Amino acid sequence: MFQTYDETPPSGSAADRLGALRDALDTHGIQGFLVPHSDEHQNEFLPASAERLHWLTGFSGSAGTAIVTLDDAVLFVDGRYRLQARQQVDTGLYEILQIPGHRPSHWIAEKLSAGDKLGYDANLHTVKEIERLTETLGESGISLVPLADNPIDSLWTGRPPAPSAPAYPHGERFSGKSAQEKIAHVREQLDHAGADALLLTMLDSIAWLFNIRGGDISHTPLVLSFALVPAEGRPTLFVDPAKIGDNVRGALGELIDFQPPKALDDALAALGAEKAVVKLDPTTTPARFENVLRDAGASILHRTDPCIAAKAIKTEAEIEGARAAHLRDGIAMARFLAWLDREGQDGGVDEVDAAVKLESFRADTGELKEISFDSISAAGPNGAVVHYRPMNATKRKLEPGSLYLIDSGAQYEDGTTDITRTVAIGAPTPEMRRHYTLVLKGHIAVSRARFPEKTRGQDLDPLARLPLWQAGLDYDHGTGHGVGSFLSVHEGPQRLSRAGTVELKPGMILSNEPGYYREGEYGIRIENLVLVTPPAPIEGGEREMLGFETLTLAPYDNRLIEIALLTSEEITWLNDYNTRVRDALIPGLRGADIDWLRQATAPFA
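A word on the overall build of the chain. Helix and strand counts for the chain stand at 19 helices and 27 strands. By its C-alpha atoms, the chain is 75 × 55 × 50 Å across when sized along the principal axes. Looking at the 605 residues of the chain, the share that counts as buried comes to 57%. Sequence-distant contacts in the chain: of pairs separated by 6 or more residues, those separated by 24 or more amount to 70%. Summed over its atoms, the accessible surface of the chain is roughly 24100 Å², and 49% of this surface lies on carbon and sulfur atoms. For the chain, the distance from the average position of its 59 positive side-chain charges to the average position of its 86 negative side-chain charges is 3 Å.

Laid out in structure tokens, this is it:
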């Protein structure tokens, strides 16, 4: 099993850990300290050795920042983690505030005074973060001070060791492009920008560029490393030599050099001595590396990581791989949903039982490399906790008269999946059916959308929300995120959200996942992955329009659909989707599962 359901809490009490950190701040002569959920690579999912925020506060979400002063402490989270943070964190020690309604810089300015110093670990904050904070806090006379060592590291007894999984090649039959072609593309960008070298710190960019994968990060096949790509000469991958075997050397040895991570500072200093122009992404690169380069005499060119946009547009091999992965995953999901209907309707199944069963169906494919994130297996009121994680100590039964939300995904060599279905356990109430159908209407609206070139994610986000808005309802997360190809399940730059300013282009994969959450009662979310399709004509139209191909193949729960709330166009889309699901999945099913799928995809009149 890739997911675990027992969590070892940080040693000692939260009050003792907070007190020890405050003592350390006093020793350093600073009045505050930033503790982000971050590492040197801005990973969303962190190695256990980098979970400093969890060690300090007990909060285990994938996004958040604590700020500790000598007298006050706060944890900032987004809307996904509002409920979870209150459940996991001692609110007598930490104030819990939600962004973007509250801004960390405002809180700092209120709690600290002119002349005070706010410490930070320059390995964990990006260049842009520190620039913004320095400017904002400077107006209040507060200075930012990088610390040579993170004080938490010396306080954290029993800290896990850094991961040491081997790297391995990701074949061109999956990637669709050779590492040589990708390096050439990056060098074209360097030449265009007039830069001498590119510094890469994002692990998915490095994995994409060199066609390698690894196992250093749970649920995401990445290798802890850094990379320098010069305009001329061989790129260097800075990685623990123990992780590089003959398979990787055989695939890349003619193209790149390998050095241990500790050699990176010397390489940056050498670029500085040459007065080189070094290109880096200020939104992803740790501030410390820019400091090293500037101190050594390099010129810095701030540009977006060129790998981000390139890997977002999938190759034909990656698109075909995504289709194959979703077909395989759809069969596993159908088997799970059929099992759930047979075994989970009488209160005998709990959240952990269900998540374990789903992972076993995926493992039965023989192709499962990992799950793409910890499954959100949420019964009843836990469904309203957007990023809920089931644990043995707190698991709930799937009780009749409730809703069950399962948000899960898989990592296959040919693609990454992410799917959410909400299921009725027993007879749903009219209110449950109404809310589910409103969410479904928004989900269908995105699925059916046709849109012109240069359309951004923020332009389509309202389509998913409109049915809810008209009922006086909404949800506090984005409608969709980008998805990688056997890489990160949350990939930029594309997204469907109010903040989605990037244009959607053919070949991008995104999630389509509107929701509704009634705190203390239930949560509803419906999620498919969709592929942006090329411009195509519309009958009777004058301009070609882009659209979406739905990749995910799994039925919705017809018991939760209030058909009277759907338009004829929505019913047609739903029937067409169900037909496609049925035709695609039946060949991979057997016996009672086939009968179940036929019933689950029966057409609406």
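Before going further, it helps to spend a moment on the nonpolar core. In terms of nonpolar packing, the biggest core is built from 77 residues, with Phe336, Leu504 and Phe548 touching the most fellow members. Top contributing element to this core by residue count: helix α14 (residues 316-343), with nine residues. By size, the runner-up hydrophobic cluster in this structure holds 31 residues, among which are Ile212, Ala227, Leu237 and Leu252.

All right, on to unusual backbone geometry then. Following isoleucine 99, the chain continues to proline 100 via a peptide bond in cis, the omega torsion being 5°. Relative to the assigned elements, proline 100 resides in the loop between β4 (95-98) and α4 (104-111). Its identity as a non-glycine residue notwithstanding, lysine 275 has a phi of 55°, on the positive side. With respect to the secondary-structure elements, lysine 275 resides in the loop between α11 (264-273) and β13 (277-280). The backbone of phenylalanine 486 sits at a positive phi, close to 50°, despite the residue not being glycine. When you line up the elements, phenylalanine 486 lands in the loop between β21 (480-482) and β22 (491-496). Phenylalanine 486 gets classed as buried once you look at its relative accessible area, which sits at 1%.

As a further point, take the domain arrangement of the chain. Once the domains are mapped, the chain shows domain 1 (14-155), domain 2 (168-311) and domain 3 (313-601). A C-alpha centroid distance of 34 Å is found between domain 1 and domain 3. Taken together, the eleven residues of domain 1 in the interface contact eleven residues of domain 3. Taking both partners together, domain 1 and domain 3 bury about 910 Å²; carbon and sulfur atoms supply 54% of that area. The three residues of domain 1 that bury the most area against domain 3 are Phe45, Arg80 and Leu83, which together make up 49% of that side's buried surface. Put simply, domain 1 and domain 3 have one salt bridge between them. At the boundary of domain 1 and domain 3, one finds two residue pairs in polar contact (both at pLDDT 80 or more). Of the residues forming the side of domain 1 that touches domain 3, the biggest block, four residues, is contributed by helix α3 (residues 82-88). Each residue belonging to the side of domain 1 that touches domain 3 can be placed in one class, and the counts come to three nonpolar, five polar and three charged.

Quick look at helix α17 (residues 457-469) now. Taking 1.5 Å of rise per residue, 13 residues should cover 18 Å, and α17 covers 18 Å from first to last C-alpha, within 8% of that figure. Along α17, the sharpest kink reaches roughly 30°, centred on leucine 463 and followed within four residues by the proline proline 467. Those residues of α17 hidden inside the fold are in contact with α16 (430-448), β22, β24 (515-518) and β27 (545-550).

In this section: the packing of α14 against helix α15 (residues 351-363). Contact pair α14 / α15: the axes reach a minimum separation of 8 Å and the direction vectors enclose 145°. Crossing handedness for the pair α14 and α15: right-handed. Of the residues in α15, those touching α14 at Asp329, Ala332, Met333, Arg335, Phe336 and Trp339 are Asp353, Ala354, Lys357, Leu358, Phe361 and Arg362. Grouping the amino acids of the contact of α14 with α15 by side-chain chemistry returns seven nonpolar, no polar and five charged.

Bringing the sheet that holds strand β8 (residues 197-200) into the picture now. Here we have six strands laid out as an open sheet, ordered β12-β11-β10-β8-β13-β14, and mixed in their pairing. What marks the edges here is a single partner per strand, and that holds for β12 (257-259) and β14 (299-302). In this sheet, adjacent strand axes meet at a mean angle of 25° when their direction is disregarded. Inspection of the sheet shows strand β11 (residues 236-239) paired to β12 by three bridges, in the parallel sense. Looking across to β12, one finds that threonine 236 is bridged to aspartate 257. Contacting β8, β10 (225-230), β13 and β14, helix α12 (residues 287-296) crosses the sheet at an angle of about 140° to β14.

Burial in α11 covers these residues: Leu264, Leu268, Leu271 and Gly272. Summarising the axial view, the buried residues of α11 lie within an arc of 105°, below the 170-degree limit, and thus occupy one face. Away from the buried face of α11 by more than 90 degrees, exposed residues Asp266 and Ala273 are located. Buried residues in α11 make contact with β8, β10, β11, β13 and α12. Positive phi shows up at lysine 275, right after α11, with a value of about 55°.

What follows covers the pairing of β13. Where β8 lies against β13, two bridges are found, and the strand directions are parallel. In the sheet register, leucine 198 faces β13, and the bridge partner there is lysine 279. Pairing between β13 and β14: four bridges, direction parallel. Bridge pairing in β14 places leucine 280 opposite histidine 302. Note on the crossover from β13 through α12 to β14: the handedness is right-handed.

About the cut-offs
Residues numbered from 1 in each chain as written. Predicted model: local features only at pLDDT ≥ 70, side-chain atom pairs only at ≥ 80, totals over all residues. Heavy atoms only, no water. Helix = DSSP H or I, 4+ residues; strand = E, 2+ residues; numbered from the N terminus. Buried < 20%, exposed > 50% of the residue type's maximum accessible area, 1.4 Å probe, protein only. Contact = heavy atoms within 4.5 Å. Areas by Shrake-Rupley, 256 points an atom, 1.4 Å probe, with all protein chains shown as cover. Lys, Arg positive; Asp, Glu negative; His and termini not counted. Charge placed at Lys NZ, Arg CZ, Asp CG, Glu CD. Core = buried A, V, L, I, M, F, W, Y, C linked by side-chain atoms within 4.5 Å. Domains from an automatic or database assignment. Buried area = accessible area lost by both parts, 1.4 Å probe. Salt bridge = Lys/Arg side-chain N within 4 Å of Asp/Glu carboxyl O. Polar contact = N/O pair within 3.5 Å; in protein donor to acceptor, adjacent residues only side chain to side chain. Nonpolar A, V, L, I, M, F, W, Y, C, P; charged D, E, K, R; others polar. Expected span 1.5 Å × (residues − 1). Bend = angle between axes of the 7 residues up to and from the residue. Axes fitted to C-alpha atoms, helices over the stretch in contact; angles between N-to-C directions. Left-handed = near helix turned anticlockwise from the far one by under 90°. Pairing = 2+ DSSP bridges. Arc of directions from axis to C-beta. Right-handed = clockwise from strand over helix to strand, strands pointing away.

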